[in-house]
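# Working through the structure, step by step
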Amino acid sequence: MSDLTIILPLKDRFLLTKRWISFAKIYYQEFNILILDGSKNNEVENYFEKNKIYKDLNIQYIKYQYDETVKKYFKKLSNGMLNISTEFSALVDNDDFFNPICLKKSVDFLKKNTEFSTCGGQIIQFRYNNEVLNFYRGNKYTSNNGNTPLSRLEKEVTHKQSGPLFYDVHRTKQIQKTYKMLHEINTNELQFVEIFPQFIDCLNGKNKKLDELYLIREIQLKESANRDYFEKTGSILNRLIYSDFAHNYKKLIHYISNHY
C-alpha cells in the first residue's frame, strides 16, 4: 500500500469529478484516495456504485452534508482528514491533475529530509475551449529553505517564490493539525483555506519545490467556487468594511502566533 493519500474534496461539478476519476483509474492506482463529498446531490455516490470504481482504485468515499457554508466546508476538511492512515497526504481539486511520478518523488524527498514539511514541484495551467487544448507555463517556483520559521514566513509573505503549498505533499499529522485549527477559527472566509495552511506550512518546516512538473490546473472554468464566492461577498475591501474579515484575520494571526 502507498504511503500517500490523495484527498479530493467535492462540492457538485459532477462531470469534472467523472473526468478526474477516469484519469485516476490510469495514473493513481497505487495511491490511496480519500473523497470528501459535500455535494448537494448523490450523483458521485451513485456513479461509484453503478460503475464499481472501488475495484480499480483504493477509494475511501465519505458523504457529508451539503457544503452550504464555508464553515461547513472547513469542518468537512478537518473531520475528513482524521480518516487518513498514511504518513503523507496531498490535497487536490477535481479540475487539477497530479503527475504521479513527481508525487512519488515528493514522498521520497520528505522521507529523506525530515526538516521539510512539504514537497511539490512546478505547476502548469491548461484551458480546454472549442475542442482545443492549450497549456500555459507560469512562474518557476523555488524552495523556501530558511533556517528559522520566521525567516521562511517572511520570505513567503514578501516574495511568494515558493508558490502555492496547498497542493504539495504534506506530512499527514501536520496537515490534520492545520485543518483542525482552521476549523476552530470558525470563519466563513474562503480564502483562509489556502492562506492559513500556507503560513503554517512555513512554520512547520522548510518547503521544497522540485524542478519538474508536479500539477496541471485548469483555468477559466464556468463552475468556480472561488468566482461564486467573490460574486457573493465582494472584494477584500468590501469584506473589510461590511463583514467579519478583519476580526477573522486577527484570529488567524493569533493562531499562527501560538503555533510558532
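All of these numbers come straight from a predicted model, not from anything done at the bench.

### Examining helix H5 (residues 149-159)
Within the span of H5, buried status applies to Arg152, Leu153 and Glu156. The buried residues of H5 occupy an angular sector of 100° when projected down its axis, which confines them to one face. Along H5, the residues that are exposed and aim more than 90 degrees away from the buried face are Glu154, Thr158 and His159.

### Some details on the pairing of strand S6 (residues 116-129)
Extensive coverage of S6 is indicated by the burial of 11 of its 14 residues. Bridge count between S6 and strand S8 (residues 169-171): 2 bridges; the pairing is antiparallel. Following the sheet pairing, threonine 118 is matched in S8 by histidine 170. Pairing of S6 with strand S7 (residues 132-137) involves 6 bridges; the strand directions are antiparallel. Bridge pairing in S7 links phenylalanine 126 to phenylalanine 135. Hairpin remark: S6 followed by S7, antiparallel, with 2 residues in the connecting loop; positive phi at asparagine 130, about 55°.

### Here's the deal with the pairing of strand S9 (residues 206-218)
Looking at chain direction, strand S5 (residues 96-98) and S9 are connected through 3 bridges and run antiparallel. Among the inter-strand pairings, phenylalanine 98 is bridged to a residue of S9, identified as leucine 215. Where S6 lies against S9, 9 bridges are found, and the strand directions are parallel. Bridge pairing in S9 links threonine 118 to asparagine 207.

### Focus: the pattern of salt bridges
Throughout the structure, instances matching the rule amount to 11 salt bridges. Glutamate 68 is the partner of lysine 72 in a salt bridge, and the nearest nitrogen-oxygen pair spans 3.8 Å. The class of lysine 72 is partly exposed, set by a relative accessible area of 34%.

What counts, and at which threshold
Residue positions within a chain follow its written sequence, with the count starting from 1. Totals for whole chains, interfaces and linings use all residues, but because this is a predicted model, local features are given only for residues with pLDDT of at least 70 and pairs of side-chain atoms are given and counted only at 80 or more. Side-chain measures here rest on the full set of heavy atoms in the structure, leaving out hydrogens and waters. Throughout, exposure labels follow a simple rule: accessible area from a 1.4 Å probe, protein chains only, divided by the maximum for the residue type, with under 20% read as buried, over 50% as exposed, and the rest as partly exposed. The helix count covers DSSP runs of H or I at least four residues long, the strand count covers runs of E at least two residues long, and both are numbered beginning at the N terminus. The directions from the helix axis to the C-beta atoms form the arc being described. We call two strands paired when DSSP finds no fewer than two bridges between them. By definition, a salt bridge exists where a carboxyl oxygen of Asp or Glu is found within 4 Å of a side-chain nitrogen of Lys or Arg.

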